[in-house]
Amino acid sequence: MSSKHLNEMTPAIAANAKALASYWTKKMNVMKQHNAVCFSCQNDFEMSTLDIIGEVIAGRSLGMLAHAQSQTPTFKVDQHGGAVFEVSPTPLFASLRYLFSCITDNTMFPPWAARAIQTLKSWAPGYIRSRRVVDEYISTCLEESRKSVRELREIGQEVEAARCMIEMVTSNEGLPGEESLPDHELKDEVITFLFSHSGGHDTTSAALQWAVKFLTDNPNAQRKLNAELRNAFDDLSEDRMLTYADVTSPDKTPYLEAVVAEVLRCARIAEGTRRQTLEPMNILGYEIPVGADLIFISPTAASITTKAAEPSIRTYDNHRSETSLKHGLGGKRLWNNDTAEFRPERWIVIDEKSGKESFDPKAGGSVPFGLGVRSCPGKALAMLELKVYLATLNLAFFLGPVPKELSGYGAVIQVTRSPSQAYIAPRPWTAGDL
């Protein structure tokens, strides 16, 4: 995704982040009236990041968060003071969640078995009903986009810059040299794009859940981030939304970059990736045949690339290629031996003369998006979302302590690794917090 497109997407992302902050304020007010001390934010991030997928696909939010805000709050408070707000999903949200679960359920099976299971699931009434809801949504978006293109052409104009995938397609329909797909094929393409990016929504949501847990347990990191943001941005009025330039200037916000990098390093959202060999190869002295599945546990491996582990890392150097030996760890250094800790400062370099802090992306090992030609295609969008959300929420709230019974670091691992508990106790910043 180009920087131009990301720049055009930023207002929608920033608006979603602001809407989430507004929703949290509403939940805080309700919570205080019922002796709750914190609330779960798992569904909040899921709804909000899925709304952004609607912006990417159709140029408009899916309306999940707005739907939640419009409802009369219903919730349960447990014996530890943790509130879980219950939101009845819209048909579209429920359908997307159901269809995405059908995909995630198959990820642990061999490809041939996954295909067979998926075929069986496609006959189920729930699958057929959910697919119909999503198809109708796509049809409506296509119809509205085509209408806008026709209206522009009637006055002799064309779409100058497509705001979303569907607009990219409809703005090219009917142009000389452009081949138009039949509607059923076009819908299949949109659905493929939707679910490939819904995987990105799931990982971004999980990363944000881990982020608020790490920051809750590290109040000094919150304070340092807040001080940096307030110093970096001249206008901090309540209605001001962050821009693309605000969050893509590491010189201005090195600590924001460090916080995001450290969240991704510690969260280990994708525990591993699988690749299948297309030809025989030798890896560190082991002969690998064609068709073998290779599992890379990159996040864990990157985190244990410490100075203490260097002798083990160098054990296989005599088997490495000249290129591998020359480039080593991709130019990255070895960590000190505190990789279990959440410490954004590990990514910061301080100039000895000026005392100026800067972000060092090669401070040590971390591979949250994979490597090579098959690395995550949504990396740029995910990074933009993480920085906009974390900056917006940090400017709005200080995350207070959460009861230890609700602040565990257990995880649920499916396609992504998500926290089993994601409770927060946000409050407006006070002089005592700064």
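Residues numbered from 1 in each chain as written. Predicted model: local features only at pLDDT ≥ 70, side-chain atom pairs only at ≥ 80, totals over all residues. Heavy atoms only, no water.

Turning to the packing of aromatic side chains, a few remarks are in order. Counted according to the given criterion, the structure contains 12 aromatic pairs. Both rings, one in Trp-210 and one in Phe-214, keep their centres 5.9 Å apart while their planes meet at 20°; by these two values the pair is stacked. Remark: Phe-214 and Trp-210 occur in helix H8 (residues 183-216); sequence separation between them is four residues, near one turn of the helix. By relative accessible area, Phe-214 is classed as buried at 6%. The ring centre of Tyr-409 lies 4.8 Å from the NZ or CZ of Lys-213, which sits over that ring. Between Arg-346 and the ring centre of Trp-335, over which it is positioned, the NZ or CZ distance is 5.3 Å. (Phe/Tyr/Trp six-rings, centres within 6.5 Å; stacked < 30°, edge-to-face > 60°. Helix = DSSP H or I, 4+ residues; strand = E, 2+ residues; numbered from the N terminus. Buried < 20%, exposed > 50% of the residue type's maximum accessible area, 1.4 Å probe, protein only. Lys NZ or Arg CZ within 6 Å of the ring centre and 35° of its normal.)

What follows deals with the environment of Thr-243. For Thr-243, the position within the fold is in the loop between helix H9 (219-232) and helix H10 (244-247). For Thr-243, a relative accessible area of 35% gives the class partly exposed. Sequence-wise, Thr-243 and Met-9 are 234 residues apart; in three dimensions their C-alpha atoms are separated by 9.8 Å.

Another point: the nonpolar core. Counting residues in each nonpolar core, the largest one holds 95 residues, and the members touching the most others are Ile-13, Trp-24, Phe-39, Phe-45, Ile-166 and Tyr-389. A total of 12 residues in this core trace back to one element, the largest contributor, which is helix H1 (residues 3-32). In contact with Phe-45, other than residues within four places in its own chain, are Leu-20, Trp-24, Ser-205, Leu-208, Gln-209, Val-212, Tyr-389 and Leu-393. Within the second largest apolar cluster, five residues are counted, among which are Cys-38, Val-402, Leu-406 and Ala-425. (Core = buried A, V, L, I, M, F, W, Y, C linked by side-chain atoms within 4.5 Å. Contact = heavy atoms within 4.5 Å.)

One open sheet accounts for five strands, arranged E2-E3-E1-E13-E10; its pairing is mixed. Of all the strands in the sheet, just strand E2 (74-77) and strand E10 (398-400) have a single pairing partner and so form its edges. For this sheet, the mean angle separating the axes of adjacent strands, direction not counted, is 40°. By the bridge criterion, two bridges tie strand E1 (residues 38-40) to strand E3 (residues 82-86) in an arrangement that is parallel. For Cys-38, the partnering residue across the bridge sits in E3 and is Gly-82. (Pairing = 2+ DSSP bridges. Axes fitted to C-alpha atoms, helices over the stretch in contact; angles between N-to-C directions.)

Turning to the packing of helix H11 (residues 254-267) against helix H15 (residues 379-396), a few remarks are in order. Relative orientation of the contacting elements H11 and H15 amounts to 115°, with a least axis distance of 10 Å. Note that H11 runs across H15; the crossing there is right-handed. Here Leu-256, Glu-257, Val-259, Val-260 and Leu-264 of H11 come into contact with H15, specifically with Met-383, Leu-386, Lys-387, Leu-390 and Ala-391. For the contact of H11 with H15, the per-class residue count stands at eight nonpolar, no polar and two charged. (Left-handed = near helix turned anticlockwise from the far one by under 90°. Nonpolar A, V, L, I, M, F, W, Y, C, P; charged D, E, K, R; others polar.)

The subject of this paragraph is unusual backbone geometry. Although it is not a glycine, Asn-35 adopts a positive phi angle of roughly 60°. Residue position: Asn-35 is located in the loop between H1 and E1. Phi at Arg-268 takes a positive value of approximately 50°, unusual for a residue other than glycine. Note on placement: Arg-268 falls in the loop between H11 and strand E4 (273-276).

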